[in-house]
Amino acid sequence: MEYCALMGYQMKHHEPGVIHMAERQADHDSVLDVCTRAKTQIRSVHFHHYGSKGPVYARSFTRKLLANEEFCMEVDASMDFAQSWDELAVQEFKMTRNEYAVLSNVPLSAKEKGGRHDKVTTTTTDSTASSSMEVPRQCTIKIGSEGVPLFENHADGKAIGLTRPLLSRTLSSSFTFAKCHYQTNVPQDPFAVQLLETERFPHFARLWTRGYDVYTPSRNIVYSENNNLHPLHHTKGHGDRGEKKWPRNDSERRDAHVRMKVMLNIHHGITNSEISSLTAGGARSANGGGGGGGRMATARANLGIYGLGKRRTLDQLLQFASIGLPDSEFRGHYGNEGKGCANLNWIPYDKSISPRANLFDGTGKADDLDSEPEFLLRTLADTGAFPMGPGDGGSWTNQIKRGGNAVTMKTEPISSDVPYSLVFLLWIVGLYAWYASFVDTSSSPQSHRGRSGRRVLSSKRPMRKAAPLSERALLKNV
């Protein structure tokens with residue numbers, strides 16, 4: 001509805017409460033009838049903020065929205081855009097001559113939009129063109145207290161006078177622009193809940209080892225409003241400015257933190273029991289055979305599509321980023337202090353390897369592989385003989401080829417609008433079912449305890465410790 005309001009189609013003010021739900025719904029439907037683009041071109045997922053688990057978890061719902069779009073952009077909520085930003089972003093992408101390019105940088109402040117350093121003023125000297133445009137660029141990678149590399153929240157460098165995008169070794173979650181197969185080949189990890197800074201480098205590691213390359217664009221495409229509208233956690237409900245914050249869960253956050261370390265093969269600060277929680281044996285396998293290294297390999301293999309790829313190695317990544325990861329005693333780690341950021345060398349890979357190939361595919365080490373997300377609205381083939389990297393040649397079209405014939409893909413608009421009255425009715429039915437199933441049966445003492453007063457288990461099978469973030473089973477059906 002925010003889009004419709006910007007287009008001049010504003011809902012009326014309605015008093016809160018269930019009694020006014022019908023009139024709010026009627027007003028909502030009438031606005032959508034005249035604001036047609038909201039139905040035909042905008043797809044969305046809605047859930048209550050108390051069910052939110054942080055930005056990475058929210059981005060993982062791309063799987064429910066992505067259809068056959070060619071390009072995808074991810075930005076923070078409070079952003080401003082350059083004039084003709086869509087054409088500008090596509091133009092920047094094509095200048096990389098890399099099908100697996102990802103444009104990303106920390107956005108310039110909206111206060112500096114159109115300023116002295118945000119204008120393309122080209123000068124020509126001795127047949128050489130130059131520009132004075134300044135684009136923020138991240139360079140520094142630090143090693144956090146838990147041993148996971150961290151990107152700075154702000155840009156500690158500038159790219160001045162670029163004539164084409166510049167290869168980068170950092171990724172900003174505030175702005176990314178790429179072909180949409182980036183979303184399916186490197187999907188957002190729904191188990192990385194409660195995280196923000198800690199997930200950025202692991203996500204960069206995933207995309208880089210799968211053959212994707214990040215570039216700083218030569219132009220400012222988006223701008224940050226610098227409004228702190230989404231604090232990490234809440235302790236007293238809503239914020240001072242009425243913003244809704246996502247609930248804090250330290251146990252889930254710890255599980256997600258362990259997950260990031262396992263991906264990067266960092267043994268520091270995690271126990272054998274925590275590593276084993278990512279395997280089929282659960283915490284009980286921590287006292288079994290196989291050794292810590294074997295359990296770590298199994299846990300890493302279980303990450304599947306949410307782990308590292310096969311096109312490039314972790315050692316190549318550390319060399320490319322000029323950093324070192326700590327051992328179990330937190331030794332030997334170092335950041336890059338922002339050095340060597342100007343001219344990075346592109347690292348080639350075997351293009352016959354699919355970007356979806358996982359690091360441990362074919363090893364037989366996985367014993368509880370994470371389920372891959374399903375993009376139900378998308379029918380395009382996301383892998384194929386694309387140009388590999390800079391200078392590899394080739395061009396891109398909006399078509400795919402099947403059996404030598406070009407086939408243009410067309411998508412039908414998908415509406416996610418559900419009447420509030422139906423939601424309320426389903427909620428009442430669910431509440432009644434929950435009461436009948438749990439509250440009523442709990443009144444019978446025999447249902448939970450034996451005559452001796454001790455708890456009776458229905459099975460003698462060993463209880464497996466719940467895998468980190470119990471949404472695993474849920475995601476298999478989503």
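So, a few notes on the structure that sits alongside this text. (Residues numbered from 1 in each chain as written. Predicted model: local features only at pLDDT ≥ 70, side-chain atom pairs only at ≥ 80, totals over all residues. Heavy atoms only, no water.)

**Describing the pairing of strand β7 (residues 134-137)**
Alright, step 1. Burial along β7 is two-sided: E134 and P136 facing one way and V135 and R137 facing the other are all buried.
Alright, step 2. Here 4 bridges tie β7 to strand β10 (residues 157-160), and the two strands are oriented antiparallel to one another. Within the sheet, the bridge partner assigned to P136 lies in β10 and is K158. (Buried < 20%, exposed > 50% of the residue type's maximum accessible area, 1.4 Å probe, protein only. Helix = DSSP H or I, 4+ residues; strand = E, 2+ residues; numbered from the N terminus. Pairing = 2+ DSSP bridges.)

**Here's the deal with the packing of aromatic side chains**
Alright, step 1. For the structure shown, the criterion picks out 12 aromatic pairs.
Alright, step 2. Note on F71 and F177: the rings are 5.3 Å apart at their centroids and 10° apart in plane angle, and the pair reads as stacked. Highlighted residues: F71 in strand β1 (residues 71-75) and F177 in strand β12 (residues 175-179), separated in sequence by 106 residues.
Alright, step 3. When its relative accessible area of 5% is taken as the criterion, F177 is described as buried.
Alright, step 4. When the centroid spacing of 5.1 Å and the interplanar angle of 40° are considered together, the rings of F81 and W85 count as tilted.
Alright, step 5. A relative accessible area of 26% means that F81 is categorised as partly exposed.
Alright, step 6. Of the residues examined, W85 reaches a relative accessible area of 33% and is grouped as partly exposed.
Alright, step 7. Ring-pair connections join several aromatic residues into one group, and the members of that group are F71, F93 and F177. (Phe/Tyr/Trp six-rings, centres within 6.5 Å; stacked < 30°, edge-to-face > 60°.)

**What to know about the pattern of salt bridges**
Alright, step 1. Applying the stated criterion across every chain, the model contains 15 salt bridges.
Alright, step 2. Salt-bridge contacts for R259 lead to D370; the nearest nitrogen and oxygen are separated by 2.6 Å. Within this pair, whereas R259 is found in helix α8 (residues 250-263), its partner D370 is found in the loop between α11 (314-321) and β15 (400-402), the two being separated by 111 residues in sequence. There is no split in this pair, since R259 and D370 are both buried. (Salt bridge = Lys/Arg side-chain N within 4 Å of Asp/Glu carboxyl O.)

**Quick word on the side chain of E152**
Alright, step 1. Inspection of the secondary structure assignment puts E152 in the loop between β9 (149-151) and β10.
Alright, step 2. Given the relative accessible area of 15%, E152 is considered buried.
Alright, step 3. Setting aside anything within four residues of it in sequence, one finds E152 in contact with Q138, T140, K142 and R200. (Contact = heavy atoms within 4.5 Å.)

**A word on the environment of R253**
Alright, step 1. Structurally, R253 can be placed in helix α8.
Alright, step 2. The exposure class of R253 is partly exposed, given its relative accessible area of 32%.
Alright, step 3. C-alpha separation for the pair R253 and G54, spaced 199 residues apart in sequence, amounts to 10.0 Å.

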